[in-house]
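An overview of the molecular structure
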Amino acid sequence: MDDRLIIGTRLELCEGCNKCLSKCPVNANNAKITDNRNTVLVDRQRCIYCGECVTVCDHHARLYDDDTERFFARLKEGAKISLLVAPSIRHSLPSYKRLFGYLKSLGVNLIMDVSFGADIATWAYLRTLEAGGRSTMIAQPCPVVVFYIQKHMPELIPYLAPIQSPTLCAAIYIRNYMKVGDELAFLSPCFAKEREFNDPNTGGLVTYNVTVEKLKAYLKSQGVRLESYPEAEFDRRSGDLGFTFSRPGGLRENVEFYAGDKVWVKQVEGTEDMVQYLDQYAQRIRQNKPTPAIVDILNCRQGCNMGTGIGEPPQTDDVDRRINEQKKTFLQKGGRKPEAILREMDESLKLADFARRYTDQSESVRQEAITDLNSVYEQLGKTTEISRRTNCYACGYGSCEAFATAVMNGGNDVRNCVEFSRHKLRSGRQEFGNLFQGLDQQLEEMNQKLEALRGSGANLNNISMQTRVISINASIESARAGQYGRAFGVVASEIRNLANKSGEIIQNNQASQESLMADILELERSLRSIHAQMDEALQ
């Protein structure tokens, strides 16, 4: 598995609206202005792959990648691959059994339900708590939670459950206990799983992360009609109650099944709630306050059944109804009792085989503390404490301090601040007002001199020279005024024509002074019209 960027930006579609900045919980976006166009790129070092930016982007500029194409390419090459399947497949692809039939026709070896990996994970959590040494831990079926802690809250790494995720527990079981040496692929509801599989602490057991959304797109592009293939079932065991892991509170349901109400399980869903709760959790640990035995956090508010790699999600009521029916059937069949299931796993599994370690990755995202933002505030025109607390959301941060810090760290540009733009407009209005006032005065002086010369037959050399000087000044200001200089270009052109005409009058023995006077009046009217337009634009 390579180390490519999982979430990226289609630059041609990015409108620079900053919505992705406003939703990102870890400031993993860098805004860049090139050729007066703002685009927002992903900071892979800070990114936790929560998918918030992908969901919020109205312009479809954010996209993710997975291993679907590589998976099918390897099957065509004859690679021997077995498939792990997330429990959510039952809801995201109702014809999943025909999908299995299709994949079997391509050469897929075993197709295994990850539900039994969830059973193993639950057993491992309970046995770890019983062994002592820790009274609280954060369950980690969700890779986004792990990435967030490893990168942004490393003080909580000791509290992450020392157990692999259900997917990895299933992979370990297949590799170590079933002795299957195939490459392993995961039919997945989550694009963040690819980063989990690429983590050195997971042993490289799973090679391909195939999301449901990309799989459906592939089948459509290849013209595959699943109804043409026979149904196929999961191979070997499908697990006990582990299938509930895919919905919010699924881990709690499993713990209650095995331990009743003896274990305090805290349930948290959603990226924003995850961040807020982990802050509280860390604070309670520092204050030696009681904490839950198991904290069950899912990045996706509706659980893995509505994961980031699902695409068009099913309706939650339909999902809950099917899971409830499956759970009712499991509980009513009266076969395997909780104690018997745990005892069987005690006898057949080694807890150490499913152990997980974690790596502090915060050094790669740590930024130097910045206490003096005055230089940025001065560029922004924010010279008062009130102006530095405007805290609007135009930049995406909702905080002037956060925006200024991002600018200082090279992650944004002062031109993305609406107050900066207003400041420049106000400055431009004052500057243009002064320039127009100067041109008005020069034209008035020329007008007065022409009045004095009217009918005198005097030489117009002075007027001709003055108009040429005004023309040159206006041209210089046009070049200096940047994007607003077009208006000065118009003024410079008209004055240049006036200078040429005054020269012609001199050569024609001053026969057209009345015409020159009319041209000067018309120029004055044009100048005042341009001044009014510029003044309105800079309001």
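Residues numbered from 1 in each chain as written. Predicted model: local features only at pLDDT ≥ 70, side-chain atom pairs only at ≥ 80, totals over all residues. Heavy atoms only, no water.

A sheet is described by the order of its strands in space; here 4 strands give the open sequence 6-5-8-9, paired in parallel fashion. Where the open sheet ends on each side, the last strands, each with one partner, are strand 6 (111-113) and strand 9 (208-211). Within this sheet the neighbouring strands show an average axis-to-axis angle of 25°, counted without direction. Bridge count between strand 8 (residues 183-188) and strand 9: 4 bridges; the pairing is parallel. Bridging from a neighbouring strand, Leu187 pairs with Val210 of strand 9. Across the sheet, helix 10 (residues 212-221) lies against strand 8 and strand 9, angled at about 75° from strand 9, the strand it touches most. (Pairing = 2+ DSSP bridges. Helix = DSSP H or I, 4+ residues; strand = E, 2+ residues; numbered from the N terminus. Axes fitted to C-alpha atoms, helices over the stretch in contact; angles between N-to-C directions. Contact = heavy atoms within 4.5 Å.)

For the rest of this paragraph, the subject is empty space enclosed by the protein. For the structure shown, the criterion picks out 5 cavities of 30 Å³ or more. Space inside the largest cavity adds up to approximately 290 Å³. Along its surface, the largest cavity is lined by 26 residues, and Pro141, Thr167, Pro189, Lys193 and Cys304 are the ones closest to its centre. Grouping the constituent residues of the lining of the largest cavity by class yields 18 nonpolar, 7 polar and 1 charged. (1 Å grid on protein atoms, 1.4 Å probe; cavity = no way out; pocket = protein on both sides within 12 Å on 5 of 7 lines; lining within 4 Å. Points joined across faces, edges and corners; volume = space filled by probe spheres on them. Nonpolar A, V, L, I, M, F, W, Y, C, P; charged D, E, K, R; others polar.)

If a strand is regular, its side chains alternate between the two faces of the sheet. Taken together, the 5 bridges between strand 10 (residues 265-269) and strand 11 (residues 294-298) define a ladder with parallel strand orientation. By the bridge assignment, Val265 is partnered in strand 11 with Ile294. What joins strand 10 to strand 11 is helix 12 (residues 271-286), and the crossover it makes is right-handed. (Right-handed = clockwise from strand over helix to strand, strands pointing away.)

Here we come to the pattern of salt bridges. Note on pairing: side chains with opposite charge can pair once their charged atoms come close. On inspection of all chains with the given rule, the structure shows 21 salt bridges. In this structure, the salt-bridge partner of Lys104 is Asp235, at a minimum N-O distance of 2.9 Å. Pair noted here: Lys104 is in helix 5 (residues 96-106) and Asp235 is in the loop between helix 10 and helix 11 (250-259), with a separation of 131 residues, a long-range link. On the basis of relative accessibility, which here comes to 29%, the residue Lys104 falls in the partly exposed class. (Salt bridge = Lys/Arg side-chain N within 4 Å of Asp/Glu carboxyl O. Buried < 20%, exposed > 50% of the residue type's maximum accessible area, 1.4 Å probe, protein only.)

In this section: the packing of aromatic side chains. Tallied over the full model, the rule gives 19 aromatic pairs. Relative to Tyr229, the ring of Tyr102 has its centre 5.1 Å away and its plane inclined at 70°; by these criteria the two rings are edge-to-face. Of the two residues, Tyr102 sits in helix 5 while Tyr229 sits in the loop between helix 10 and helix 11, which places them 127 residues apart along the sequence. Judged by its relative accessible area of 6%, Tyr102 falls in the buried class. The partly exposed category is assigned to Tyr229, whose relative accessible area is 25%. Pairing Phe186 with Phe197 gives two aromatic rings, centres 5.9 Å apart and planes at 80°, and the pair type is edge-to-face. Of this pair, Phe186 sits in strand 8 while Phe197 sits in helix 9 (residues 193-197); the two residues are 11 residues apart in sequence, bridging distant segments of the chain. No difference in accessibility class separates Phe186 from Phe197, as the two residues are buried. Each residue in the set Phe116, Trp123, Tyr173, Tyr177 and Phe354 is aromatic and connected to the rest through ring pairs, giving one cluster. (Phe/Tyr/Trp six-rings, centres within 6.5 Å; stacked < 30°, edge-to-face > 60°.)

A word on the packing of helix 3 (residues 68-76) against helix 5. When two helices pack together, their arrangement is given by the angle between the helix axes and the distance between those axes. It is at 9 Å that the axes of helix 3 and helix 5 come closest, and there the two elements cross at 45°. The angle between helix 3 and helix 5 falls in the class oblique. From helix 3, Phe71, Phe72 and Leu75 reach across to helix 5, where they touch Tyr102, Leu103 and Leu106. Looking at the contact of helix 3 with helix 5, its residues break down into 6 nonpolar, no polar and no charged. (Parallel < 35°, antiparallel > 145°, perpendicular 65-115°, else oblique.)

Core analysis: the biggest nonpolar cluster contains 57 residues, and Ile138, Tyr148, Ile149, Leu156, Met274, Leu278 and Ile297 have the highest contact counts within it. Elements supplying a minimum of two residues to this core: helix 1 (19-23), strand 3 (37-42), helix 7 (143-152), helix 12, strand 11, helix 15 (374-380) and helix 16 (400-408). Counting residues per element, this core draws most heavily on helix 12, at 7 residues. With sequence-adjacent residues up to four places away left out, Leu278 is seen in contact with Ile138, Tyr148, Ile149, Met153, Leu156 and Ile297. Counting residues in each nonpolar core, the second largest holds 53 residues, with Leu184, Val263, Ile323 and Phe330 among its members. (Core = buried A, V, L, I, M, F, W, Y, C linked by side-chain atoms within 4.5 Å.)

Turning our eyes to something else, we now look at the pairing of strand 8. Burial of strand 8 is extensive: 5 of the 6 residues sit out of reach of the surface. The pairing of strand 5 (residues 81-85) with strand 8 spans 5 bridges and is classified as parallel. Paired with Leu83 across the strands is Ala185, a residue of strand 8.

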